[in-house]
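Chain and residue survey
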2 protein chains.
Amino acid sequence: MAEKIQIREVGLRDGLQIVKTVMPIDAKLDWIKTEYEAGVTEIEVCSFVPTKLIPQFGDREEIVPQALAFDGLTVTALVPNIRGAEDGIRLGVHKLNFVMSVSEGHNLSNVRRSTEDSFADFAVMARRVHEITGNRPKIVGGLSTCFGCTIEGKVSEQRAIEFAHRLLDLGADELTICDTVGYASPDQVRRVFEGILKFTGNTPVAAHFHDTRGLGIANALAAADVGVRYLDSSLAGLGGCPYAPGATGNVVTEDLAFLFASMGFDTGIDIEKLLKVRDIVARALPDEKLRGGTYQAGLPKDFTYAKAR
Amino acid sequence: MAEKIQIREVGLRDGLQIVKTVMPIDAKLDWIKTEYEAGVTEIEVCSFVPTKLIPQFGDREEIVPQALAFDGLTVTALVPNIRGAEDGIRLGVHKLNFVMSVSEGHNLSNVRRSTEDSFADFAVMARRVHEITGNRPKIVGGLSTCFGCTIEGKVSEQRAIEFAHRLLDLGADELTICDTVGYASPDQVRRVFEGILKFTGNTPVAAHFHDTRGLGIANALAAADVGVRYLDSSLAGLGGCPYAPGATGNVVTEDLAFLFASMGFDTGIDIEKLLKVRDIVARALPDEKLRGGTYQAGLPKDFTYAKAR
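- An unreviewed UniProt entry annotates chain A as Hydroxymethylglutaryl-CoA lyase originating from Paraburkholderia rhynchosiae.

Structure representation (structure tokens):
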């Protein structure tokens, strides 16, 4: 039995958030549908930031219900604040991805409040979610700049681990540990995740890497080496960070799927079907640079999956 | 004391061999000089294939002596056959890189002989080199398609390990284990190198990865994890393989240097100086696609090397 690893698509949120062209809703839905059909089981479909700040997500009231119609697909959304969480709850999103930074400077730039204020927001949000009777969304504690910060430089590994612990104590159903700015090195990744996995028990802990300096896939490998089984990535590596100059984007979903399939993990993804999603994105965003080797080269001759698909 | 890891530049050979534009000799020498000054201590400067087959290396009689003038630089060259080895010996190359494939089909396509004939050639070459009295070049046994083959598909790991053993028995001073076609996965890399490092003792064993499907840096990490301390790469990821359709090139030297520096290894390389070599290549080969994240993003804020440079 092949061990499972889950790849979670964040391109529709993290990828699109810095793309100036608003992607037509039909293309977004086609992206979601085609990637769902390729076997991706969790997709972050939007962000609940004010539309006047990021027009890209102005269509979320239509996107979320249509994404929820795909049987078995976990639909997630970024919620920057309590108001966003309320919107997510109202629309029935499965997971609310809250995000704050480990470094004070990045948090101030990105969400315009201190990390203490962000913890307070998360506490309110988590309480609100846990009070819902019946079906409730999961509340995910996301931490960016866990491995370094474009504003502050080095970030203490101990501080990243402690922040993860605090989010868990405040009621996080899951954690996502992020290298938003592409500073992480594989040994640092191993140390931080080992530190976090010590106290998380059955709580899922996901890794979210950017490929800014070419180490995204190596960092994903390092995370998997120490037991991480949930990883974020972005189709064609779309993305970046408004506070990471020169950022080259997220880890490429297609290459990440190839990495784990080639190692004998069961990702549930049919890579050839996944590669077809590229055409949808390329047509809708002709000016964006799409990255990734697997798309260009195709699968190796006689490539086999650990589990037939 | 930071542990050392050596990155060996192969862009002038493996990178340029499929580039149709013959790079002007002054640009090649500037590349060698600038990369040497950035701290790279071994450069494969040419291939001793017939000039009528690959005009790119028609300047080797001038390149080799000028490269040998850099104090402390190890100058290496690919030698496809005995005649090439004789040329290398005459010119005083420090290392003769012989290469054959593990898969029969790739060897037939690439060097037009059976693997048994290639072993016989290597035996002659190794004997010739070992008979030289006084200073002699090192003879390196290189094996391509160790992790899969575009013609034959899967390649037996045991066969790759046995081939390495045979080259050692025939007198190889070093081995280079190659994923010429970008089929390797990190777990396969670990198994094959673990198998080889069991019997190589003090003989250096190098890893040579292509980045065809985005796993080049992850495979380099995997090799380092099991003890490999010599790695090939190509500036800006230049390269590919005539028998690997869609190949996206070699592992990017700049990103590989960043990988190991970020993990606290001492590569001896000043990455900021290394990044300047890109401009030389970009000017001389304006039509080539240069890859790599570190060049685009620069080093992280407050980045420190394990050993000051």
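**Digging into helix α3 (residues 60-68) of chain B**
All names here are of chain B.
- All of the buried residues in α3 are R60, I63, V64 and A67. For α3, the angular spread of the buried residues around the axis is 95°, confining them to a single face.
- Its buried side turned inward, α3 meets α2 (25-37), β2 (42-47), β3 (74-79) and α4 (82-91).

**Let's talk about the relation of the copies chain B and chain A**
- Laying chain B over chain A is done by rotating through 180° and shifting 0.0 Å along the axis; what remains is an RMSD of 0.0 Å. Both copies are brought into coincidence by an operation consistent with a two-fold rotation axis. The C-alpha atom lying nearest the rotation axis in chain B is that of B:A218; the distance is 2.0 Å.
- Comparing contact sets, 100% of the residues at the interface of chain B also lie at the interface in chain A, consistent with an isologous, same-surface contact.

**Observations regarding the nonpolar core**
- If you look at the biggest cluster of nonpolar residues, it comprises 192 residues, and the most contacted ones within it are A:I177, A:F193, B:I177 and B:F193.
- Once residues lying within four places of it in the same chain are set aside, the contact partners of B:I177 are B:L143, B:C146, B:F147, B:A164, B:V192, B:F193, B:I196, B:V205, B:A206, B:A207 and B:H208.

**Here's the deal with the packing of aromatic side chains**
- Considering all chains together, one arrives at 18 aromatic pairs over all chains under this definition.
- Residues A:F119 and A:F163 carry aromatic rings whose centres are separated by 4.8 Å and whose planes lie at 65° to one another, so their mutual orientation is edge-to-face. One end of the pair, A:F119, is in helix α6 (residues 115-131); the other, A:F163, is in helix α7 (residues 157-169), with 44 residues separating them in the sequence.
- Overall, the relative accessible area of 3% leaves A:F119 in the buried class.
- Arranged with centres 5.0 Å apart and planes meeting at 40°, the rings of B:Y36 and B:F70 form a pair that is tilted. Of this pair, B:Y36 sits in helix α2 while B:F70 sits in the loop between α3 and β3; the two residues are 34 residues apart in sequence, bridging distant segments of the chain.
- With a relative accessible area of 25%, B:Y36 lands in the partly exposed category.

**Side note on the environment of B:K154**
Residues and elements named next belong to chain B.
- In this structure, K154 sits in the loop between β5 (138-144) and α7 (157-169).
- The exposure class of K154 is exposed, given its relative accessible area of 56%.
- Along the primary structure K154 and M263 are separated by 109 residues, whereas in three dimensions their C-alpha atoms are 32 Å apart.

**Examining unusual backbone geometry**
Residues and elements named next belong to chain A.
- Unlike most non-glycine residues, A236 shows phi in positive territory, near 60°.
- Here A236 is to be found in the loop between β8 (230-233) and α10 (253-262).
- Residue A236 is classed as buried on the basis of its relative accessible area of 1%.
- Despite not being glycine, D302 shows a phi value in the positive range, around 60°.
- Along the chain, D302 turns up in the segment after α12 (293-297).
- Take D302: its relative accessible area is 46%, and that puts it in the partly exposed class.

**Structural notes on the pairing of β5(B)**
All names here are of chain B.
- The buried fraction of β5 amounts to 6 of the 7 residues, a majority that puts the element mostly inside the structure.
- As paired strands, strand β4 (residues 95-101) and β5 are joined by 7 bridges and run parallel to one another. Residue F98 lies in a different strand from β5, and its bridge partner there is G141.
- Direction of pairing for β5 relative to strand β6 (residues 174-179): parallel, over a ladder of 4 bridges. Looking at the pairing, G141 lines up with L175 of β6.
- For the handedness criterion, the β-α-β arrangement of β5, α7 and β6 is classed as right-handed.

**Some remarks on the pairing of strand β6 (residues 174-179) of chain A**
Residue and element names in this part refer to chain A.
- In terms of residue burial, β6 counts as a mostly covered element, since 6 of its 6 residues are buried.
- Here β6 shows no split at all, with E174, T176 and C178 on one side and L175, I177 and D179 on the other all buried.
- Inspection of the sheet shows β6 paired to strand β7 (residues 205-209) by 5 bridges, in the parallel sense. Bridge assignment links D179 to a residue of β7, and that residue is F209.
- Taking the sense of rotation as the criterion, the β-α-β connection linking β6, helix α8 (residues 186-200) and β7 turns out right-handed.

**A look at the interface of chain B and chain A**
- On the side of chain A, 41 residues touch chain B, which itself brings 41 residues to the contact.
- Summed over both sides, the interface between chain B and chain A buries roughly 3,000 Å², with carbon and sulfur atoms accounting for 59% of that surface.
- The interface formed by chain B and chain A holds 2 salt bridges in total.
- For B:D225, the salt bridge goes to A:R190, with nearest N and O atoms at 2.7 Å.
- Our count for the chain B to chain A interface comes out at 14 residue pairs in polar contact (both at pLDDT 80 or more).
- Those elements that place two or more of their residues in the side of chain B that touches chain A are α8 (186-200), α9 (216-225), α10 (253-262) and α12 (293-297) of chain B.
- Sorting elements by how many residues they give to the side of chain B that touches chain A places α9(B) first, with 5 residues.
- Tallied by class, residues from the side of chain B that touches chain A come to 18 nonpolar, 13 polar and 10 charged.

**Concerning the side chain of B:S233**
- If you trace the backbone, B:S233 turns up in strand β8 (residues 230-233).
- In contact with B:S233, not counting residues within four places along its chain, are B:I7, B:R8, B:E9, B:V10, B:G11, B:V251, B:V252, B:T253 and B:L256.

**Description of the side chain of B:T115**
- With respect to the element layout, B:T115 can be found in helix α6 (residues 115-131).
- Among residues more than four places away in sequence, those in contact with B:T115 are B:M100, B:S101, B:V102, B:S103, B:E104, B:N107, B:R159 and B:F163.

**Remarks on the pattern of salt bridges**
- Going through the model one piece at a time under the given rule, you end up with 46 salt bridges over all chains.
- In this structure, A:R113 and A:D121 form a salt bridge, with 2.4 Å as the shortest nitrogen-oxygen distance.
- When its relative accessible area of 15% is taken as the criterion, A:D121 is described as buried.
- As a salt-bridge pair, B:R191 and B:E157 come within 2.7 Å of each other at their nearest N and O atoms. In this pair, B:R191 sits in helix α8 while B:E157 sits in helix α7, placing the two residues 34 residues apart along the sequence.
- When its relative accessible area of 40% is taken as the criterion, B:R191 is described as partly exposed.

**Some words on helix α2 (residues 25-37) of chain A**
- Its 13 residues place the ends of α2(A) 18 Å apart at the C-alpha level, agreeing with the 18 Å of an ideal helix rising 1.5 Å per residue.
- Where α2(A) is concerned, the buried positions are A:A27, A:K28, A:L29, A:W31, A:I32, A:T34 and A:E35.

**Some points on the state of the cysteines**
- A full pass over the atoms with the stated rule returns 0 disulfides over all chains.
- Here A:C46 stays unpaired: no disulfide links it, and the sulfur of A:C178, its closest cysteine neighbor, is 17 Å away.
- Of the cysteine sulfurs around B:C146, a residue in no disulfide, the closest is that of B:C178, at 6.4 Å.
- Residue class for B:C146 comes out buried when judged on its relative accessible area of 0%.

The rules behind the values
- Residues numbered from 1 in each chain as written.
- Chains lettered and ligands numbered in written order.
- Predicted model: local features only at pLDDT ≥ 70, side-chain atom pairs only at ≥ 80, totals over all residues.
- Heavy atoms only, no water.
- Buried < 20%, exposed > 50% of the residue type's maximum accessible area, 1.4 Å probe, protein only.
- Helix = DSSP H or I, 4+ residues; strand = E, 2+ residues; numbered from the N terminus.
- Arc of directions from axis to C-beta.
- Contact = heavy atoms within 4.5 Å.
- Least-squares fit on C-alpha atoms with pLDDT ≥ 70 in both.
- Core = buried A, V, L, I, M, F, W, Y, C linked by side-chain atoms within 4.5 Å.
- Phe/Tyr/Trp six-rings, centres within 6.5 Å; stacked < 30°, edge-to-face > 60°.
- Pairing = 2+ DSSP bridges.
- Right-handed = clockwise from strand over helix to strand, strands pointing away.
- Buried area = accessible area lost by both parts, 1.4 Å probe.
- Salt bridge = Lys/Arg side-chain N within 4 Å of Asp/Glu carboxyl O.
- Polar contact = N/O pair within 3.5 Å; in protein donor to acceptor, adjacent residues only side chain to side chain.
- Nonpolar A, V, L, I, M, F, W, Y, C, P; charged D, E, K, R; others polar.
- Expected span 1.5 Å × (residues − 1).
- Disulfide = S-S within 2.5 Å.

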